[in-house]
Amino acid sequence: MVSSFALQAIAAVLSASSVSAFQIGSYQTETHPKMTWKRCTGKGGSSCTTVNGEVVIDSNWRWLHKVGDYANCFDGNTWDSASCGTNAACTKNCALEGADYSKTYGVTASSDSLTLKFVTKGEYSTNIGSRLYMMKDTNNYEMFKLIGNEFSFDVDLSQLACGLNGALYFVSMPQKGHGTPGAKYGSGYCDAQCARDLKFVGGEANAEGWVPSSNDKNAGVGKKGACCAEMDVWEANSISTALTPHSCKPEGYSVCTEDGCGGTFSNDRYAGSCDANGCDFNPYRVGVKDFYGKGKTVDTSKKFTVITQFIGSGTNLQELKRFYIQNGQVIKNPEPQVPGMTGNSITQEWCNTQEKVFQEEVYPFNQHGGMASMGRAAAEGMVLVMSLWDDHYANMLWLDSNYPTEKDPEIPGVARGECSIDSGKPEVVESENASAKVVFSNIKFGPIGSTFNQPA
Ligand SMILES: *[C@@H]1O[C@H](CO)[C@@H](O)[C@H](O)[C@H]1NC(C)=O
């Protein structure tokens, strides 16, 4: 213990000289789980080389305690008022701790796979879900330049019930995260909801004006939010799946304040600089109800491969194409069965059609730059996120049920999956489906056609 207190003292001195430096606790060494993936060149998956990657858990999940002391700075869903009277004081007084990935967070990596458990009962706390980022090395996120490339992964989400979401997506986070050390402790998250549930925004604590959640004992909403473009390659459970670009202006990390953030965490969902809704392709939502699910064409009771192509060049993202592979069979994304909709991929035209056919009253994707915005973000390089979560705002009904729930499910766009409108309540799934997990594995990335044999 003596040595750890000494380290804390050194950390405190170092941080005094630099702005927005995080204090780092020394009770638990930060050791990123190692996870390999493959960079492919050539054709049909024939020449792929192994990349030794590692993953890091987001700083929001970490124990935050007083510098040199076990006392919590953030306890449950509230900040300690003595240490965190101001954001500046809080940033100085509180230390982020290293993670025990498997024991505390239910996260394990093994060769090319990553397993995320839903509920993990630790010694001191019960952890719900997790969010991890792929790293290039200890201090840098891997930046994936998506345009002209395809991204392939295997997923087993057979245990993900209504209300859970095993997500794999990209966001325009800064390569080094925020503050020092940044990415090593999983800082710098942002997304198209302009996330306000973050304990740190822009490298500083988000304690001032924090409102604890009324229905989530681990979360709350701060004054500041972090916005950036988001490419949801995969939001799914065993019932439904969606592929969804979200545009932003600007695409890169930007800090917003209060209701001006828009998104899930603000009173006016459409006030912000990002598209909170997205332009999605969910097979069920476009009328193909027998395509995805247990026992269906893509059988979610077993593992399968998901391939997403980012067709285009330069900053021009023309088309998002999807294929699946299961039992050695390549399965094309289905053609929509809603009158007026055509094409099995996402293009700007697809989004324009969706806006009309689904009679959306607001369609923020186009207001914030549409595919052109997504293209700029994708060309710049984006951080790979893998997460498992439940939804304290809408019970994930926008993914797997009828939504908005009060609308007639016969109206195109309302029915998104087979789950009941009463399903997905966090308190229910956290108790009844606590042992659920998602496994992501066999990630491959490279030019179009390099990861698999694409049918003509
Ligand atoms: C989730 O929990 C419910 C209630 O116990 C159970 O019926 C269901 O099978 C579980 N779902 C999955 C996918 O394990």
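Residues numbered from 1 in each chain as written. Predicted model: local features only at pLDDT ≥ 70, side-chain atom pairs only at ≥ 80, totals over all residues. Heavy atoms only, no water.

As annotated in an unreviewed UniProt entry, the protein chain carries the name Glucanase and is attributed to Lentithecium fluviatile CBS 122367. In its Sequence similarities (unreviewed entry) section, the UniProt entry covering the protein chain states "Belongs to the glycosyl hydrolase 7 (cellulase C) family." If you open the UniProt record of the protein chain and go to Catalytic activity (unreviewed entry), you find "Hydrolysis of (1->4)-beta-D-glucosidic linkages in cellulose and cellotetraose, releasing cellobiose from the non-reducing ends of the chains." (UniProt positions renumbered as here; feature names shortened; annotations may be inferred.)

*Asks:* I'd love a proper account of the site of the ligand, names of residues and values included.
*Replies:* Taken together, Ser158, Gln159, Ala161, Lys294, Glu432 and Asn433 form the complete shell of residues around the ligand. Note that an oxygen atom of the ligand is positioned 2.5 Å from one of the side-chain N or O atoms of Asn433. Calculation on the ligand without its partners gives an accessible area of 360 Å², and the protein chains cover 46% of this total. Residues belonging to the shell around the ligand are distributed by class as follows: 1 nonpolar, 3 polar and 2 charged. (Near = heavy atom within 4 Å. Polar contact = N/O pair within 3.5 Å; in protein donor to acceptor, adjacent residues only side chain to side chain. Areas by Shrake-Rupley, 256 points an atom, 1.4 Å probe, with all protein chains shown as cover. Nonpolar A, V, L, I, M, F, W, Y, C, P; charged D, E, K, R; others polar.)

*Asks:* Pulling in residues and values, what's your account of helix 6 (residues 370–380)?
*Replies:* Residues three or four positions apart in an α-helix share a direction because the helix packs 3.6 residues into each turn. Residues of helix 6 that are buried include every one of Gly370, Met371, Ser373, Met374, Gly375, Ala377 and Ala378, and no others. A positive phi of about 110° marks Gly381, the residue just after helix 6. (Buried < 20%, exposed > 50% of the residue type's maximum accessible area, 1.4 Å probe, protein only. Helix = DSSP H or I, 4+ residues; strand = E, 2+ residues; numbered from the N terminus.)

*Asks:* Please set out the state of the cysteines residue by residue, giving values where relevant.
*Replies:* Applying the stated criterion across every chain yields a total of 9 disulfides. Shown here is the disulfide that connects Cys84 with Cys90, its sulfur atoms set 2.1 Å apart. Its S-S torsion of about 60° marks the bond between Cys84 and Cys90 as right-handed, since a negative value means left-handed. Cys90 matches Cys84 in its accessibility class, with the two residues each being buried. (Disulfide = S-S within 2.5 Å.)

*Asks:* Just give me the short version of unusual backbone geometry, but keep the residues and values in it.
*Replies:* Residue Pro181 is bonded to the preceding Thr180 through a cis peptide linkage, with omega at -10°. Mapped onto the fold, Pro181 is located in the loop between strand 16 (164–171) and strand 17 (200–201). In this model, Tyr403 is joined to Pro404 through a cis peptide bond whose omega is 0°. If you trace the backbone, Pro404 turns up in the loop between helix 7 (397–400) and helix 8 (426–432). Phi angles above zero are rare outside glycine, and Asn327 is one such case at about 50°.

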